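The primary structure of each chain is shown beneath.
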Amino acid sequence: MTSARFPVHRDLAGFDFDASVVDQKLIQQLATLEFTEAAHNAVLVGGPGTGKTHLATAPGVSGITRRGKRVRFYSTVDLVNALEQEKAQGKAGRIASGLLRMDMVILDELGYLPFSQAGGALLFHLLSKLYEHTSVVITTNLDFAEWSTVFGDAKMTTASLTTATS
């Protein structure tokens, strides 16, 4: 649980489905983590304060405690900063190698804070490496049409969306 680096321990029992427009049945299905067996991905889109981080973290906690899954949580901007630092130090690929051993990677708040176009390219490269190997759950307040502001390139955005939603 410590290596997952969750910001707060959350479970589905602590989520108020009555106060949310979230499809409870779909979230409970997500919480089984069956989608990780085929390395499928999930994107949780919603405004600030809608519970995206809670709903992304809860299946991760459950996966670790009930199923022995390997999960890693990142604030997306922190991950991009780490990828840029890794590249600057001539150690590119180490983070990706570690994440390939995970069953699920949670990228929280994609697009909430800006990062450089080079950072967007590094994130795209990482998502490409994880594709079909490691499940990725992304939380974002951006509609898919706005993802180009993150990746800075329409082709990269389209490819990232294809990777993230497959």
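Up top is the structure these notes are about.
What comes next is a walk through the structure. (Residues numbered from 1 in each chain as written. Predicted model: local features only at pLDDT ≥ 70, side-chain atom pairs only at ≥ 80, totals over all residues. Heavy atoms only, no water.)

### Things to note about the nonpolar core
Put simply, the test is: Buried Ala, Val, Leu, Ile, Met, Phe, Trp, Tyr and Cys residues form a nonpolar core when they are joined through side-chain atoms within 4.5 Å. Burial classification: accessible surface area is computed with a 1.4 Å probe over protein chains only, and a residue below 20% of its type maximum counts as buried, one above 50% as exposed, and the rest as partly exposed. Every helix listed is a DSSP run of H or I at least four residues long, and every strand listed is a run of E at least two residues long, numbered separately from the N terminus. Here, two residues are considered to be in contact whenever any of their heavy atoms come within 4.5 Å of each other.
Within the largest apolar cluster, 23 residues are counted, with the highest numbers of intra-cluster contacts made by Leu 79, Leu 99, Leu 107 and Leu 123. Elements represented by at least two residues in this core include exactly helix H3 (76–88), helix H4 (94–99), strand E3 (104–110), helix H5 (117–130) and strand E4 (135–140). In this view, Leu 107 contacts Tyr 74, Thr 76, Leu 79, Leu 123, Leu 127, Val 136, Val 137, Ile 138 and Thr 139; residues no more than four positions away in its chain are not counted. By size, the runner-up hydrophobic cluster in this structure holds 22 residues, among which are Leu 33, Ala 58, Ile 64 and Met 104.

### Structural notes on the packing of helix H1 (residues 24–31) against helix H2 (residues 52–67)
Describing two packed helices takes the angle between their axes plus the distance from one axis to the other. As a reminder, the rule being used: The axes are straight lines fitted to the C-alpha atoms, using for helices just the contacting stretch, and the angles between their N-to-C directions are given from 0 to 180°. Should an angle fall under 35 degrees it is called roughly parallel, over 145 degrees roughly antiparallel, and 65 to 115 degrees roughly perpendicular, with every other angle called oblique. Think of it as three bins: nonpolar holds Ala, Val, Leu, Ile, Met, Phe, Trp, Tyr, Cys and Pro, charged holds Asp, Glu, Lys and Arg, and polar takes everything else, Gly as well.
Following both chains from N to C, one finds H1 and H2 inclined at 40°, their axes separated by 9 Å at the closest point. The angle between H1 and H2 places the two elements in the oblique class. Contacts between H1 and H2 involve Ile 27, Leu 30 and Ala 31 from the former and Leu 55, Pro 59, Ser 62 and Arg 67 from the latter. Taken together, the residues of the contact of H1 with H2 sort by class into 5 nonpolar, 1 polar and 1 charged.

### Brief notes about the pairing of strand E2 (residues 71–75)
Which entries qualify depends on this criterion: By this definition, two strands are paired if DSSP reports at least two bridges between them.
Across the 5 residues of E2, 4 count as buried, placing the element largely inside the fold. Pairing of E2 with E3 involves 5 bridges; the strand directions are parallel. The partner of Tyr 74 across the bridge, within E3, is Leu 107.

### Structural notes on the pattern of salt bridges
Here is the rule we go by: The term salt bridge refers to a side-chain nitrogen of Lys or Arg lying within 4 Å of a carboxyl oxygen of Asp or Glu.
Under the counting rule described, the total for this entry stands at 2 salt bridges. One salt bridge in this structure joins Lys 69 and Glu 37, with 2.4 Å as the shortest N-O distance. In this pair, Lys 69 sits in the loop between H2 and E2 while Glu 37 sits in the loop between H1 and strand E1 (42–45), placing the two residues 32 residues apart along the sequence. With relative accessibility at 13%, the residue Lys 69 sits in the buried group. Its salt-bridge partner being Arg 70, residue Asp 103 comes within 3.2 Å of it at the nearest N-O pair. In this pair, Asp 103 sits in the loop between H4 and E3 while Arg 70 sits in the loop between H2 and E2, placing the two residues 33 residues apart along the sequence. With relative accessibility at 17%, the residue Asp 103 sits in the buried group.

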